[in-house]
Amino acid sequence: FQQDYFTDENRVLKKDPQQDYHLEYAMENSTHTILAFSRELHTCDTNDKSITESTVRVIWAYHHKDMGEAGQNYHGSNRGTKSLRLLNPEKEVLSASLPYFDLTNKDVLVPDKDTTYWCQMFKIPVQHEKHHVTKVEPLIQKGHENLVHHILLYQCSSNLNDSVLDYGHECYHPNMPDSFLTCETVIFAWAIGGEGFTYPPHVGLSIGTAADPQYVLMEVHYDNPSYTEGLIDNSGLRLIYTPVIRKYDAGVIEAGLWVSLFHNIPPGMPEFVSEGHCTLECLEEALGAERPAGIHVFAVLLHAHLAGRAIRMRHFHNGEEQKLLAYDDEFDFNFQEFQYLKEERTILPGDNLVTECHYSTVDRIRMTWGGLSTRNEMCLSYLLYYPRINLTRCASIPDIMEQLQFIGVKEIYRPLRMTWPFIIKSPKQYKNLSFMDAMNKFKWSRSEGLSYNELVLKLPVNVRCSKTDNAEWSIQGMTALPPEIERPYKTEPVMCSSSSCLHCSLFLTLLFVVYVTASTIGDIGPFV
């Protein structure tokens with residue numbers, strides 16, 4: 001039999017007086033136990049968690065014997081957890097006969113250091129005739145599921161030749177090949193925990209024409225916090241394509257906070273909010289020139305690192321807030337994938353987008369900086385849309401001068417540019433320190449952190465508005481004011497008219513399958 005239980009802070013299971021889970025189907029044989037059950041998304045039961053489009057951490061456990069009068073039996077090692085998006089729409093099933101090609105690293109020796117970004121150039125094998133990529137799958141080497149944190153695929157200059165294919169190199173390294181610098185346009189993104197991504201039936205990633213990528217750069221972020229030596233990796237991506245042309249070409253826009261030390265989070269903060277702006281000015285110029293009728297977003301990947309707790313993609317049209325474009329209020333660093341939108345969203349000239357990231361640094365004693373390491377932070381959204389236009393990045397950088405003034409800096413030795421480091425001249429307690437050292441020296445309290453958070457959310461921002469091939473829209477580098485919006489975004493409360501929530505019409509059906517080895521078959525009983 002099946003019953004609805006909940007647990008307390010002591011991890012003791014208790015029978016819920018309001019039974020909201022309903023068994024739909026059960027089957028058991030010599031190797032499997034299968035349960036299908038359903039419940040309303042919002043049960044209005046304080047012992048239940050509402051099911052939303054955010055990440056849900058599903059925890060499972062079982063015992064080989066039935067639960068007796070004494071209560072549940074301890075599950076031992078028969079337990080696990082998995083992050084899922086239970087409400088993510090169904091993905092299109094593709095024909096297994098479609099052709100594909102793989103872009104994989106070849107025996108990369110992963111350095112014994114915390115963070116490595118490895119770059120390898122590839123030539124797209126499909127040439128001279130237009131095709132559409134319909135699905136991209138991660139090819140993560142077995143055992144390296146936690147080592148490979150994310151993979152980005154960039155379009156590079158079409159003026160390159162095959163000599164760039166000879167070898168890989170660390171990205172963002174002083175000695176990396178110049179050809180890597182031509183690869184600025186993200187055409188696909190995958191992050192840890194994600195599965196394959198299938199494009200909608202009317203959209204595909206175009207390859208094979210002069211306007212499409214001929215050379216691509218695959219950037220693999222290796223996360224090796226234990227500094228393990230001798231790791232050899234061959235991970236990458238599989239691109240499945242078709243000669244049957246779809247109606248629209250897909251594009252990707254990177255939105256949010258430009259990754260830099262200008263983005264920073266004080267230590268000891270239970271919550272700190274950062275915002276990255278895809279500004280009205282950038283979208284007005286790019287969409288006005290390329291697509292006045294607007295573009296249509298069909299999927300979003302929200303990206304942060306270890307301090308991230310929640311991310312929201314806010315959408316404003318002519319200053320009025322629309323429904324959230326995407327959100328994850330239960331962000332899991334180890335589970336990041338594209339969210340399919342239930343309904344495509346049109347972005348028009350006059351719109352602006354805000355990537356709102358929530359962090360917790362209660363366990364940190366030093367500043368957290370925007371940067372590449374998983375111990376640094378990011379606040380990014382990758383928007384998949386159609387039709388493709390010449391806009392690859394729509395982001396912002398907060399002004400630095402008022403951040404310096406907040407901690408009491410009066411003078412620096414050199415004119416402030418978008419380069420690091422610069423040295424502080426006065427006051428005396430910060431003399432000859434870098435900005436990073438001074439921010440770490442400042443005595444942060446929670447009240448100071450809150451005041452600092454209020455300040456940075458109102459600071460002018462430097463606009464990043466990029467095209468392909470390292471080109472820029474004219475608004476790039478300009479200063480803009482952040483929009484006057486309600487901060488942070490307030491989610492609408494779930495309204496309950498009765499304890500049983502009979503008016504709720506949305507249900508979720510879950511299928512729970514357990515495979516049991518032959519050695520334990522004799523002891524199996526029904527699950528609770």
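What you are looking at is a predicted structure, and each value in this text was computed from that prediction instead of being measured.

Rules used in this analysis
Residues numbered from 1 in each chain as written. Predicted model: local features only at pLDDT ≥ 70, side-chain atom pairs only at ≥ 80, totals over all residues. Heavy atoms only, no water. Disulfide = S-S within 2.5 Å. Helix = DSSP H or I, 4+ residues; strand = E, 2+ residues; numbered from the N terminus. Buried < 20%, exposed > 50% of the residue type's maximum accessible area, 1.4 Å probe, protein only. Salt bridge = Lys/Arg side-chain N within 4 Å of Asp/Glu carboxyl O. Contact = heavy atoms within 4.5 Å. Core = buried A, V, L, I, M, F, W, Y, C linked by side-chain atoms within 4.5 Å. pLDDT = per-residue confidence, 0-100. Arc of directions from axis to C-beta. Pairing = 2+ DSSP bridges. 1 Å grid on protein atoms, 1.4 Å probe; cavity = no way out; pocket = protein on both sides within 12 Å on 5 of 7 lines; lining within 4 Å. Points joined across faces, edges and corners; volume = space filled by probe spheres on them. Nonpolar A, V, L, I, M, F, W, Y, C, P; charged D, E, K, R; others polar.

With that out of the way, let us pick up the state of the cysteines. Using the criterion set out here, one finds five disulfides in the structure. The residue that forms a disulfide with cysteine 278 is cysteine 394, at a sulfur-sulfur distance of 2.0 Å. Its torsion about the S-S bond being 95°, the disulfide of cysteine 278 and cysteine 394 is classed as right-handed. Taken together, the positions of cysteine 278 in strand S22 (residues 272-278) and cysteine 394 in strand S31 (residues 393-398) put the pair 116 residues apart, joining distant regions of the chain. Judged by relative accessible area, cysteine 278 falls into the buried class, the value being 2%.

What follows concerns the pattern of salt bridges. The full count for this structure, using the stated rule, is 20 salt bridges. Note that lysine 123 and aspartate 162 form a salt bridge whose closest N and O atoms lie 3.2 Å from each other. Taken together, the residues span a long stretch of sequence, with lysine 123 in strand S9 (residues 115-123) and aspartate 162 in the loop between strand S11 (148-155) and strand S12 (169-170) at a distance of 39 residues. For lysine 123, a relative accessible area of 36% corresponds to the partly exposed category. We note a salt bridge from arginine 312 to aspartate 329, for which the minimum N-O separation is 2.9 Å. Placement of arginine 312 in strand S24 (residues 308-317) and of aspartate 329 in the loop between strand S26 (326-328) and strand S27 (339-347) is noted, with a sequence separation of 17 residues between them. Taking relative accessible area as the criterion, arginine 312 reaches 9% and is therefore assigned buried. Connected through salt bridges with shared partners, the residues Arg312, Arg314, Glu321, Asp329 and Glu356 form a single ionic network.

Within the element layout of this structure, methionine 478 appears in the loop between strand S34 (461-466) and strand S35 (479-480). You can call methionine 478 partly exposed: its relative accessible area is 44%. Ignoring sequence-local partners within four residues, the contact set of methionine 478 consists of Val461, Asn462 and Val463.

Our next topic: the nonpolar core. By size, the foremost hydrophobic cluster in this structure holds 61 residues, and its most contacted members are Leu383 and Leu391. Aside from chain neighbours lying at most four places away, what touches leucine 391 is Val252, Ile253, Cys282, Leu283, Ala286, Tyr385, Cys465, Ser466 and Trp473. With 57 residues, the next largest nonpolar core counts Trp118, Phe180, Leu237 and Tyr386 among its residues.

Here we take up the confidence of the model for the protein. Residues of the protein with pLDDT of at least 70 account for 89%, and the chain-wide mean is 87. For the protein, strand S36 (residues 507-515) is the element with the lowest average pLDDT, namely 61, and strand S21 (residues 264-265) is the one with the highest, namely 98. In this model residues 497-505 is a low-confidence stretch, pLDDT under 50, and it forms 14 contacts with partners more than four residues away in sequence or in other chains.

Next up on the list: helix H1 (residues 280-290). In an α-helix, one full turn covers 3.6 residues, which means residues spaced three or four apart are oriented alike. Along H1, the positions that sit buried rather than exposed are Cys282, Leu283, Ala286 and Leu287. Down the axis of H1, the buried set is contained in an arc of 100°. They therefore lie on one face. Buried residues along H1 sit in contact with S22, strand S23 (295-303), S27, strand S28 (351-359), S31 and S34.

Attention now moves to the sheet that holds strand S20 (residues 251-257). Overall, mixed pairing links the seven strands, which are arranged S27-S23-S30-S20-S31-S34-S35 in an open sheet. Of all strands in the sheet, those with a lone pairing partner are S27 and S35, marking the two edges. Both S23 and strand S30 (residues 380-386) contribute to a ladder of seven bridges, which runs antiparallel. Considered in S30, the bridge of valine 300 is made with leucine 383.

So, about the side chain of threonine 185. By the secondary structure assignment, threonine 185 is in strand S13 (residues 185-191). Taking relative accessible area as the criterion, threonine 185 reaches 6% and is therefore assigned buried.

Once that is clear, we can look at the sheet that holds S13. Read from one edge of the open sheet, five strands run S12-S9-S16-S11-S13, paired in antiparallel fashion. With one partner strand each, in any of the chains shown, S12 and S13 form the two edges of the open sheet. Relative to strand S16 (residues 215-223), S9 runs antiparallel, the two being bridged by nine bridges. Paired with methionine 121 across the bridge in S16 is leucine 217.

With that out of the way, let us pick up empty space enclosed by the protein. Leftover empty space is mapped by rolling, across the atoms, a probe with the size of a water molecule. Taken as a whole, this structure holds three cavities of 30 Å³ or more when the rule is applied. Looking at the largest cavity, it is lined by 15 residues, and the ones nearest its centre are Leu257, Ser274, Glu275, Pro398 and Val456. Elements that contribute at least two residues to the lining of the largest cavity include exactly S22 and helix H4 (446-456). If you tally residues by element for the lining of the largest cavity, the top one is S22, at five residues. When its residues are assigned to classes, the lining of the largest cavity shows nine nonpolar, five polar and one charged.

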